[in-house]
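# Structure assessment
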Amino acid sequence: MDYLRVSTEEQAKGYGIAYTGKRTAKYIERKGWEHVDTYSDEVSGSLEAHQRPDLKRLMKDARSVPRPFDMVVVNEGRGIGRTGRAFWKWVWELEDLGVYVAVVKKDYDNTTAAGRSQMRKDADYAEEERELIRERTQGGVQEKAEEGGHPGGVAPFGWRIQDKGVKGKSRIVLDEEHAVPLLRKAWNYIVEDSLAPHSVEEEFNRQGIAGPTKDYWPRGSLRHVLTGRAVQEAVRVHRDPSSNSGRRGTRLDAEGMPMYGDTVVIDIPPLFTKEELRLLNAALARTACAASSSTAEHPLSGHVVGACGKHYIGASRIGRDLGRAYRCSGKGTGYAGQPRCDCPQINAEVLEGRVWHEVRTMLEDPDRLMAMAADAQAMARAEDVDYTSRIATLEKELTTQDAAITAAALAAAKRADAESAIERAVQALEEEREQIAHLLEETRRWQREAEAVERQGDDLQRLAELARERLVDMTAGEKAEVVDLLELRVAITGDVPRKTRCDDRLSQWFRKRERSVPLLSDDAWSQVAPLFQARKGRRSSDARVTLGAVLHKARVGCAWSDLSSPPGNLSSVWLRWVRTGFWEQLMDVLSGMPGTQIAEYGIALPPLDIRGYVDPLLFQSRDMSPEKDALFKASDYKISPFELESALLEHEAVAEAAVVPAPDAVRLAVPKAYVVLAKGWDPGEATAEAIFEYTRSVLAPYKRLRRIEFTTELPKTISGKIRRVDLRERTAEGSGDEWVERARS
């Protein structure tokens, strides 16, 4: 089969999928191979395999049994990918599956050593070409910024780009025609008339004046403009490290510095004088609101989506009881005249209780927790490469290459022009060695990344354990952190019922008897209709409608006056049914029918769709590594158990070891080792003393082991990681089978 990958740039030049497909088809025909299928992606070559739809499908088919193909044909090396990560990971996995890659251009495949060597050269060239294009593009932008020119993008509001598109001449100047007069008018409103910025926005909207990015002024946009660096400092910052959020932000490296060039501060013409700025900032400070503590008090703020599509946000001191609630943000106005939604508010306690119960259910079920991380786990599985064997192969190739370079140099040294002969003989070999060494270094890095992904399962397991232990008594702030971590989304999928009055006798009737409110289906009505027919006196022609309306009120918690049919005083009708015992009869007959539970606290919730997603990559940035959790203090010194375990494993008697803190009356805690002995060693005082003696010789005095307990096995997870939490619990319970280090004179 063949895999076709072209970029939009190549398509613009006429080298599309059809053109590439003709070349691969002819190559397959020339080789005498059977063409079974074609896979194609019109995306950037730097994308990972799981980000290319047809390559993802190709890998799925390659893993199937029986495999439908054993050779993948691409037009050229960069069709595989322009970065080493995108290139090698899927090529290697195919190799492990018994599928190889052939390249039309230069006619080679990776079934031979020569083909693999050429593939390394093509991979290096593709990555160098990509970096060169990027450096040229970013270098030109950097140079323009350093010269004070316009490096690209949109000018700050209040300024415009002069000579836009003219090479070497484009500059940022004040927009005297439109924005400057408008901002000076805003200055007058705020400083001289003491108006708040939002009042100025409303005035501008009433006058039909367009804002910076929309045809109106959204709430807060004027303050954002006036407090920006352009207005405050008369500068524009190119590659600002603080603007790295979002798709268009500055990309940073691992050290938090701009990835593609230095930060450049470009001076632009000032909009206000220093005195005008001082007066403006003083006026803005008077109208500034204190930072909202809504998130701390309302952990679901921004995570609940109403039927209108807007997010619910936290609100306090709502209603007669001045309690907490969630209110739809659509009720606020972004600009004067903006229509408001009519979404009712939702009681915070009841909503949080319902959602938090679902969160705990999510986290207490490890299978469900892992399912929530399915996409990221699938990505890891899609890169199922045996890095250990790859590293071993590359190390062997590196050793072979070194031997070849030495042999070539020795042979060339016997010639009359030895110096130049050696240079000519080893140049190509050294270039290939450099490629192998570079790929080896990258592979080791990819292996570390793969191991980090493997640890994500343990991270998820720890989060599940946290759910069982701590989610019950978490503070609102801690709950908000977990909600963010889960990327929780609560969608309201139906009408939001109004709050039931606390003294509503109808809802109290059901709550006291712990009964659900029956649904008046045709079957249910057939059960109670005879009761209405048997009643003495005038029979109501709309009995079913009346009963249905009463049950609807009990179910949703609305007011009696909100019931539109049937006409009349339904409250008095229901009270008469209660006094005569007729209501009790009706509910007894319907007790076995399907129904809905009455709202707790008299507050009904709308139908909710609660979903969460755990991205295991988040755990890496949150430093949830096992090393962090395992550190402990002994005599006020911080101890890393992994260092002690490494020392233990160097002793011939130790097959496996795990170190945890043990309580101590003097030092508060001391290092204790659980040791699985190697074959031929017996647990006992002599063995323990031999291990103690060895660790004293290789560890600092404050780090050395104080206790040893021999065991036949260590508790482990299904992935083979040591469960230190079990060992800590075992140590806390105490054990008489441990050996304590002897006091030394």
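It should be noted that the structure appears before, not after, this text.
Our subject in this report is the structure included herewith. Throughout, residues of each chain are indexed from 1 in the direction in which the sequence is written. Local features in this predicted model are restricted to residues of pLDDT 70 or higher, and side-chain atom pairs are both shown and tallied only at a pLDDT of 80 or more, whereas totals for entire chains, interfaces and linings draw on every residue. The side-chain figures draw on all heavy atoms in the structure; neither hydrogens nor water molecules are used.

## A closer look at the overall build of the chain
Keep this limit in mind: In this description a helix means any DSSP run of H or I spanning at least four residues, a strand means any run of E spanning at least two, and both kinds are numbered starting from the N terminus. Type-normalised accessible area, obtained with a 1.4 Å probe on protein chains alone, sets the label of each residue: buried when under 20%, exposed when over 50%, and partly exposed for intermediate values. Whether two residues touch is decided by their heavy atoms; if any such pair falls within 4.5 Å, the residues are in contact. Using the Shrake-Rupley algorithm and a 1.4 Å probe, accessible areas are obtained, with residue cover drawn only from the displayed protein chains.
Looking only at helices and strands, one finds 27 helices and 23 strands in the chain. In the chain, buried positions account for 42% of the 745 residues. Pairs at least 24 residues apart make up 66% of the contacts formed inside the chain by residues separated by at least 6 positions. A total of about 41,100 Å² of accessible surface is found on the chain, and carbon and sulfur atoms cover 49% of it.

## Topic: the pairing of strand β4 (residues 100-103)
Two faces make up the sheet, and in a regular strand the side chains alternate between them. For clarity, the cut-off: Paired strands, in this sense, are two strands between which DSSP finds at least two bridges.
Looking at chain direction, strand β3 (residues 71-74) and β4 are connected through four bridges and run parallel. Paired with Val73 across the strands is Ala102, a residue of β4. One ladder, built from two bridges, connects β4 with strand β5 (residues 108-109); its direction is antiparallel. Looking at β5, one finds that Val103 is bridged to Tyr108. In this antiparallel pair of consecutive strands, β4 and β5, the connection spans four residues, and Lys106 shows a positive phi of 80 degrees.

## What to know about helix α26 (residues 685-698)
Worth spelling out the cut-off: Multiply 1.5 Å by the residue count of a helix minus one, and that product is the helix's expected span.
Its 14 residues give α26 an end-to-end C-alpha distance of 20 Å, which sits within 8% of 20 Å, the value for a rise of 1.5 Å per residue. For α26, every residue scored as buried is listed here: Thr687, Ala688, Ile691, Phe692, Thr695 and Arg696. Looking at the buried residues of α26, the elements they touch are α25 (641-649), β20 (654-664), β21 (668-677), β22 (707-710) and β23 (738-740).

## Some words on a positive patch on the surface
Condition: The residues that make up patches have over 30% relative accessible area and no salt bridge, and they are joined within 9 Å when like-charged or within 5 Å when they are Val, Leu, Ile, Met, Phe, Trp or Tyr. For this document, the term salt bridge refers to a Lys or Arg side-chain nitrogen within 4 Å of an Asp or Glu carboxyl oxygen. Only four residue types enter the tally: Lys and Arg on the positive side, Asp and Glu on the negative side; His and the chain ends are excluded. A charge is said to be at NZ when it belongs to Lys, at CZ for Arg, at CG for Asp and at CD for Glu.
A cluster of basic residues, Arg505, Lys512, Arg513, Arg535, Arg576 and Arg579, forms a positive patch on the protein surface. Elements supplying a minimum of two residues to the positive patch: α18 (505-512) and α21 (570-580). Mapped onto the elements, Lys512 comes out in helix α18. Taking relative accessible area as the criterion, Lys512 reaches 68% and is therefore assigned exposed.

## Structural notes on the environment of Glu95
Along the polypeptide, Glu95 turns up in helix α4 (residues 84-96). In sequence terms Glu95 and Met71 are 24 residues apart; their C-alpha atoms lie 9.8 Å from each other. When sequence neighbours within four positions are dropped, the list of residues in contact with Glu95 reads Tyr100, Asn110 and Arg390.

## Some thoughts on the packing of helix α19 (residues 522-534) against helix α20 (residues 543-556)
Let me state the cut-off plainly: An axis is simply a line fitted to the C-alpha atoms; with a helix, the fit covers only the stretch in contact. Between two such axes, the angle follows the N-to-C directions and lies from 0 to 180 degrees. With the far helix as reference, a near helix turned anticlockwise by less than a right angle produces a left-handed crossing, and one turned clockwise produces a right-handed crossing.
For the pair α19 and α20, the least separation of the axes is 11 Å and the interaxial angle reads 115 degrees. You can see that α19 and α20 cross each other, and the crossing is right-handed. Between α19, through Asp522, Trp525, Val528 and Phe532, and α20, the contact on the second element is made entirely by Ala543, Arg544 and Leu547.

## Quick notes on helix α15 (residues 387-413)
Helix length check: α15 (27 residues) gives 38 Å between terminal C-alpha atoms against 39 Å at 1.5 Å per residue, within 8%. Residues of α15 that are buried include every one of Tyr387, Arg390, Ile391, Leu394, Leu398, Gln401, Ile405, Ala408 and Ala412, and no others.

## Observations concerning the pattern of salt bridges
The full count for this structure, using the stated rule, is 25 salt bridges. In this structure, the salt-bridge partner of Asp107 is Lys31, at a minimum N-O distance of 3.3 Å. Placement of the pair is Asp107 in the loop between β4 and β5 and Lys31 in helix α2 (residues 17-31), with a sequence separation of 76 residues. Judged by relative accessible area, Lys31 falls into the partly exposed class, the value being 34%. Note that Arg515 and Asp588 form a salt bridge whose closest N and O atoms lie 2.8 Å from each other. Of this pair, Arg515 sits in the loop between α18 and β15 (516-518) while Asp588 sits in helix α22 (residues 582-589), and the two are 73 residues apart along the sequence. Take Arg515: its relative accessible area is 21%, and that puts it in the partly exposed class. Since its relative accessible area comes to 39%, Asp588 is described here as partly exposed. Where salt bridges share partners, they join Asp664, Lys672, Arg707, Glu709, Arg730 and Glu738 into one cluster.

## Re the pairing of strand β14 (residues 489-492)
Relative to β14, strand β10 (residues 304-305) is paired through two bridges, and the arrangement is parallel. What sits directly across from Val304, in β14, is Val490. Pairing of β14 with strand β17 (residues 608-611) involves four bridges; the strand directions are antiparallel. In the strand pairing of β17, Val490 is matched with Ile610.

## Digging into the packing of aromatic side chains
Threshold: Aromatic rings from Phe, Tyr and Trp, taking only the six-membered ring of Trp, are treated as a pair when their centres fall within 6.5 Å; an angle between ring planes under 30 degrees marks them as stacked, one over 60 as edge-to-face, and anything in between as tilted. Ring-over charges, as used throughout, are those where CZ of Arg or NZ of Lys falls within 6 Å of the ring centre and within 35 degrees of the ring normal.
Counted by the stated rule, this structure contains 15 aromatic pairs. Considering the side-chain rings of Phe510 and Trp583, the 6.2 Å spacing of their centres and the 85 degrees angle between planes classify their relative orientation as edge-to-face. Linking Phe510 in helix α18 with Trp583 in helix α22, this pair joins segments that are 73 residues apart in sequence. The two residues Phe510 and Trp583 agree in class, both being buried. Taking 6.0 Å as the distance between ring centres and 80 degrees as the angle between the ring planes, the aromatic pair formed by Trp574 and Trp583 counts as edge-to-face. Given the relative accessible area of 1%, Trp583 is considered buried. Here the aromatic residues Trp509, Phe510, Trp525, Phe532, Trp560, Trp574, Trp577, Phe582 and Trp583 are joined through ring pairs into a cluster of three or more. The ring of Phe582 has Arg535 lying over it, and the distance from NZ or CZ to the ring centre is 4.3 Å. Positioned over the ring face of Trp560 is Lys553, at 5.2 Å from the centre of the ring.

## Observations concerning the side chain of Asn75
The topology assignment puts Asn75 in the loop between β3 and α4. Ignoring anything within four residues of it in the chain, the contact list for Asn75 reads Thr20, Arg23, Thr24, Val103, Val104 and Lys105.

## Regarding the sheet that holds β23
Reading across from one edge, β20-β21-β22-β23 is the order of the four strands in this open sheet, with mixed pairing throughout. The strands lining the two open edges of the sheet, one partner per strand, are β20 and β23. Within the sheet, the average angular offset between the axes of one strand and its neighbour, ignoring direction, is 25 degrees. In the sheet, β22 pairs with β23 via three bridges, with the strands oriented antiparallel. Opposite Glu709, over in β23, you have Glu738 as the bridge partner. Docked against the sheet, α25 engages β20 and β21, running at close to 140 degrees with respect to β20.

Interpretation in functional terms is not warranted from these geometric data alone.
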